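# Topology and contacts: notes
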Amino acid sequence: MEATQPFTILAVDDNPVNLTLMKMILSKEGYRVITAPGGPRARALSVAEKPDLILLDIQMPGEDGFEVIRFLKENPATGGIPVIFLTSEKEIDSKLKGFDLGAVDYITKPFNRREMLARVGIHLKLSIATNSLIAEQARKLRQITEAQNAMLPLAEEFPNARFGVYYKALEEAGGDFYDILEISDQITGYFVADFSGHDIKTSYMTAALKALLAQNCSPVYSPLESMKMINDVLVEILTDGKYLTACYVWLNRSTGRLRIISAGHPPVVHIPKGKDPEVIRVDGDILGMFTDARFGIHRIRVAPGDRLFIYSDGLVESVKQKIPWATGAESLVEKFKEIRAVPYGDAPVALMETIFDKGDVPEDDVVVLCVEV
Amino acid sequence: MDFKAMASNLGIGEADFLELAALLVVTSLSDLAALEKGLAQGSPDPIAHAAHSIKGAAGNLGFADIAAIASEMETLAGKGEFDPINARANALRQGLDAINMAMDRR
């Protein structure tokens, strides 16, 4: 069996006798012990070595134990390290203050070897259990991300839909969603939505929405009818004031007819082949909030080579710069011109790179769909 | 002074204990110097801190007598009663000497 890495314990005490004694007692039990004679060294070692547990003397000249634990708990890298205070029998107030500041336990001086080992052991065990719980939760969240990503169609899977996509979720459970609907040989639906919120509930809702789209976007329903039926179900299943903005683009490639249905979603950008981009604003109520919602519809004729960009507000909105999407889209017209020569499959990524400098991360989830007629 | 028994109480070897005892003497003499400086200046904080330091270390090694004297000194410093501290400082120094002598005899 491979030898496991020993646990590292940081002992902090201004008296070298206590430090040496703790080191002797703990080393004998197989712990790796590092020592600090005062606050500044303790802080530096905690950050550099990330010990598994800290034994911290309260009364030290200069920076006392309280100041050290305050630093440790405020620092994300060291906040999770269990701290046991070393205190004398009489210091009741100190013990309470220590717990208040986030200590897990205390050991009174004079030390009892077996007591020290027992307390160190139990808090290491608790810490391991907590850490594995956190790791397990993180793993589950990653599974949700994977499941959510698996729901998003890839361009390769729908060659006839002729689209390219950029999708980025800022958190494990993203609030943006898109889907491609092959309604018939000639008719394709493109759906982009943005849920209010990014929590786990949202990710379950995206699964429900995908199922609703599959059920309701069929040749027998007009795009507006599909949207209304989806809305009626969402009103029933969305709770806590949750809603979504959405844009449904319905394209019949054989007739060149295009319908844009908007539910409070940012405008679609239409780039007729060889011409300047035009921003198509369509007013409409949000999805999933009102049973009598009215959605805007816009009908245009398109020709082969025309492009449409459907996106979420993360592309154009900026909380920091206070740009709402209503005005944000207009400022993008020049950016769309810049990427005209890029093949449609790469256009969304190219657009992102044109808008956001490298390292300049969008403030929200972003989905950008480029469709070529 | 039964160093062997004291070492055993701490669950460490006798050689380790002697190392700790020697360290206690050196550290406590240094604390004692700081304490006496505090007495000369009439400032209670350094006295209380030095006494607290000696109390903890001596107590941890099992030198209960020394720890008890240091504890009294800490309390007296807290009350601002400096006069009785002098006598205890001498007693404490004698206690540390006794440890030294016991180690020399080995």
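Predicted model only: the values in this text are computed from it and were never measured.

## Thoughts on the overall build of chain B
In terms of helices and strands, chain B carries five helices and zero strands. For chain B, the N- to C-terminal ordering of α and β elements is α-α-α-α-α. Taking the principal axes of its C-alpha atoms as reference, chain B extends roughly 40 × 20 × 15 Å. The burial tally for chain B puts 45% of its 106 residues in the buried class. Considering only residue pairs separated by 6 or more positions, chain B has 58% of its internal contacts joining residues 24 or more positions apart. Per element, the accessible surface of chain B, about 5000 Å² overall, is 52% carbon and sulfur.

## Section: the pattern of salt bridges
The final tally for this structure, using the stated rule, is 17 salt bridges over all chains. Here Lys-28 of chain A and Asp-16 of chain B are joined by a salt bridge, their closest N and O atoms 3.9 Å apart. Of this pair, Lys-28 of chain A sits in helix H1 (residues 16-28) while Asp-16 of chain B sits in helix H2 (residues 14-41), on two different chains. Note on Asp-16 of chain B: relative accessible area 23%, which makes it partly exposed. Of the charged contacts, one joins Lys-109 of chain A and Asp-57 of chain A as a salt bridge, the two residues approaching to 3.0 Å between their closest N and O atoms. Remark: Asp-57 of chain A occurs in strand S3 (residues 53-57) and Lys-109 of chain A occurs in strand S5 (residues 105-109); sequence separation between them is 52 residues. Side by side, Lys-109 of chain A and Asp-57 of chain A carry an identical accessibility label, which is buried. A network of salt bridges, in which partner residues are shared, links Asp-276, Glu-334, Lys-337 and Arg-340 of chain A.

## Side note on the domain arrangement of chain A
Domain assignment breaks chain A into domain 1 (8-141) and domain 2 (152-372). Each of domain 1 of chain A and domain 2 of chain A was reduced to a C-alpha centroid, and the two centroids are 53 Å apart.

## Brief notes about the packing of helix H2 (residues 39-49) of chain A against helix H3 (residues 65-74) of chain A
All names here are of chain A. Running from N to C, H2 and H3 cross one another at 20°; their axes reach a closest spacing of 9 Å. Taken together, the axis directions place H2 and H3 in an arrangement best described as roughly parallel. In terms of crossing hand, the pair formed by H2 and H3 is right-handed. Contacts from Gly-39, Ala-42, Arg-43, Ser-46 and Val-47 in H2 reach Val-68, Phe-71 and Leu-72 in H3. Residues of the contact of H2 with H3, tallied by class, amount to five nonpolar, two polar and one charged.

Conventions we followed
- Residues numbered from 1 in each chain as written.
- Chains lettered and ligands numbered in written order.
- Predicted model: local features only at pLDDT ≥ 70, side-chain atom pairs only at ≥ 80, totals over all residues.
- Heavy atoms only, no water.
- Helix = DSSP H or I, 4+ residues; strand = E, 2+ residues; numbered from the N terminus.
- Buried < 20%, exposed > 50% of the residue type's maximum accessible area, 1.4 Å probe, protein only.
- Contact = heavy atoms within 4.5 Å.
- Areas by Shrake-Rupley, 256 points an atom, 1.4 Å probe, with all protein chains shown as cover.
- Salt bridge = Lys/Arg side-chain N within 4 Å of Asp/Glu carboxyl O.
- Domains from an automatic or database assignment.
- Axes fitted to C-alpha atoms, helices over the stretch in contact; angles between N-to-C directions.
- Parallel < 35°, antiparallel > 145°, perpendicular 65-115°, else oblique.
- Left-handed = near helix turned anticlockwise from the far one by under 90°.
- Nonpolar A, V, L, I, M, F, W, Y, C, P; charged D, E, K, R; others polar.

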